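Observations on chain architecture
In case you want the letters, here they are:
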Amino acid sequence: MSVHPDRLREGIHIVSLSEKDLPEIMEIESMSFTSPWSENLFRQELRNERVEVMGARFLNHLLGYVVLWHGFRETHIMNIAVHPHFRRRGIGSMLLEYAINRARMKSDVLLLEVRVSNVPAIQLYKRYGFLPIGLRRKYYSDNNEDALVMMKRL
Ligand SMILES: CC(C)(COP(=O)(O)OP(=O)(O)OC[C@H]1O[C@@H](n2cnc3c(N)ncnc32)[C@H](O)[C@@H]1OP(=O)(O)O)[C@@H](O)C(=O)NCCC(=O)NCCS
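Residues numbered from 1 in each chain as written. Predicted model: local features only at pLDDT ≥ 70, side-chain atom pairs only at ≥ 80, totals over all residues. Heavy atoms only, no water.

**Section: the overall build of the protein chain**
Each helix and strand counted, the protein chain has five helices and seven strands in total. Mapped from its N terminus to its C terminus, the protein chain presents α and β elements in the order α-β-α-α-β-β-β-α-β-α-β-β. Relative to the compact-globule value of 15 Å for 154 residues, the protein chain shows a C-alpha radius of gyration of 15 Å, a close match. Along the three orthogonal principal directions, the C-alpha set of the protein chain runs to about 40 × 30 × 30 Å. Residues counted as buried form 46% of the 154 residues belonging to the protein chain. For the protein chain, contacts bridging at least 24 residues in sequence account for 61% of all contacts bridging at least 6. When the accessible area of the protein chain is evaluated, it comes to approximately 8,800 Å², of which 49% is carbon and sulfur surface. (Helix = DSSP H or I, 4+ residues; strand = E, 2+ residues; numbered from the N terminus. Rg over C-alpha atoms; globule rule 2.2 N^0.38 Å. Buried < 20%, exposed > 50% of the residue type's maximum accessible area, 1.4 Å probe, protein only. Contact = heavy atoms within 4.5 Å. Areas by Shrake-Rupley, 256 points an atom, 1.4 Å probe, with all protein chains shown as cover.)

**What to know about the site of the ligand**
Within the structure, the ligand sits among 21 residues, and I80, R88, G92, S93 and N118 are positioned closest to it. I80 places a main-chain nitrogen or oxygen 2.8 Å from a nitrogen atom of the ligand. Side-chain polar atom of R87 to an oxygen atom of the ligand: 3.3 Å apart, as the coordinates give it. In the complex, the protein chains occlude 79% of the 920 Å² of accessible area that the ligand would expose alone. Considering each element in turn, the shell around the ligand owes the most residues, six residues, to helix α5 (residues 119-127). When grouped by side-chain class, the residues that make up the shell around the ligand number ten nonpolar, six polar and five charged. (Near = heavy atom within 4 Å. Polar contact = N/O pair within 3.5 Å; in protein donor to acceptor, adjacent residues only side chain to side chain. Nonpolar A, V, L, I, M, F, W, Y, C, P; charged D, E, K, R; others polar.)

**Some points on the packing of helix α2 (residues 22-32) against helix α3 (residues 39-47)**
Contact geometry of α2 with α3 gives a least axis separation of 10 Å together with a crossing angle of 125°. For the element pair α2 / α3, the angle class is oblique. For the crossing formed where α2 meets α3, the hand is right-handed. Residue-level contacts link L22, I25, M26 and E29 of α2 to E39, F42, R43 and L46 of α3. Across the contact of α2 with α3, the residue classes tally to five nonpolar, no polar and three charged. (Axes fitted to C-alpha atoms, helices over the stretch in contact; angles between N-to-C directions. Parallel < 35°, antiparallel > 145°, perpendicular 65-115°, else oblique. Left-handed = near helix turned anticlockwise from the far one by under 90°.)

**Observations concerning the pairing of strand β3 (residues 61-70)**
Here is the key point about a regular strand: its side chains alternate between the two faces of the sheet. Among the ten residues in β3, eight count as buried, and that is most of the element. Across eight bridges, the pairing between strand β2 (residues 51-58) and β3 is antiparallel. Across the sheet, the residue bridging to F58 is H61, located in β3. Taken together, β2 and the strand that follows it, β3, pair antiparallel across an intervening segment of two residues, in which L59 is found at a positive phi of about 50°. (Pairing = 2+ DSSP bridges.)

**A closer look at the packing of aromatic side chains**
Each aromatic ring pair is characterised by the separation of its centres together with the angle its planes make. All told, the structure shown has four aromatic pairs when counted by the stated rule. Both rings, one in F42 and one in Y65, keep their centres 5.7 Å apart while their planes meet at 85°; by these two values the pair is edge-to-face. Taken together, the positions of F42 in helix α3 and Y65 in strand β3 put the pair 23 residues apart, joining distant regions of the chain. With respect to class, F42 is no different from Y65; both count as buried. Relative to Y140, the ring of Y139 has its centre 5.0 Å away and its plane inclined at 90°; by these criteria the two rings are edge-to-face. Owing to a relative accessible area of 39%, Y139 belongs among the partly exposed residues under this scheme. With a relative accessible area of 17%, Y140 lands in the buried category. The rings of W37, F42 and Y65 are connected pair by pair, giving a single aromatic cluster. (Phe/Tyr/Trp six-rings, centres within 6.5 Å; stacked < 30°, edge-to-face > 60°.)

Laid out in structure tokens, this is it:
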């Protein structure tokens, strides 16, 4: 699919995802992470009433998604990914803007963890005003990498 970036952004809809979207979610997930979530974990989150799983759809194609957990006055970004062929075109930003606006309705803060080596994601979060607030040592068991905890006040 080849689309001009402006047309792509205009044509994207942020929609609620369900179990029927799992094959497309899993395709993006497996291309995006060294330790991807399992299909069962996504299924569990899709059934959790505190969790929102939102997707960026262009026509019939799922190009990315964000998973949010709403707690008491705090919202967490549990997962966010964009299809590798469609990165750097503003889709991650659209998903993050959705997350921020949604969290504002329910929470005082938006929190996330990110691998310290994940420069693209850290850059994206900083651009939207997230600040580093701590490190979780050896948080990722696949390579013992630290997690940077980032927070945005809403
Ligand atoms: C992080 C991710 C979701 C960003 O999605 P995206 O659609 O490419 O993001 P955008 O196009 O909206 O980028 C917005 C800004 O983020 C920053 N950014 C994004 N990718 C970057 C990269 N590879 N290097 C440096 N900065 C980057 C830039 O500031 C960019 O603005 P610019 O393109 O005008 O320079 C995407 O890279 C991804 O899916 N990564 C794999 C999954 C992942 O790591 N998720 C985060 C888990 S915590």
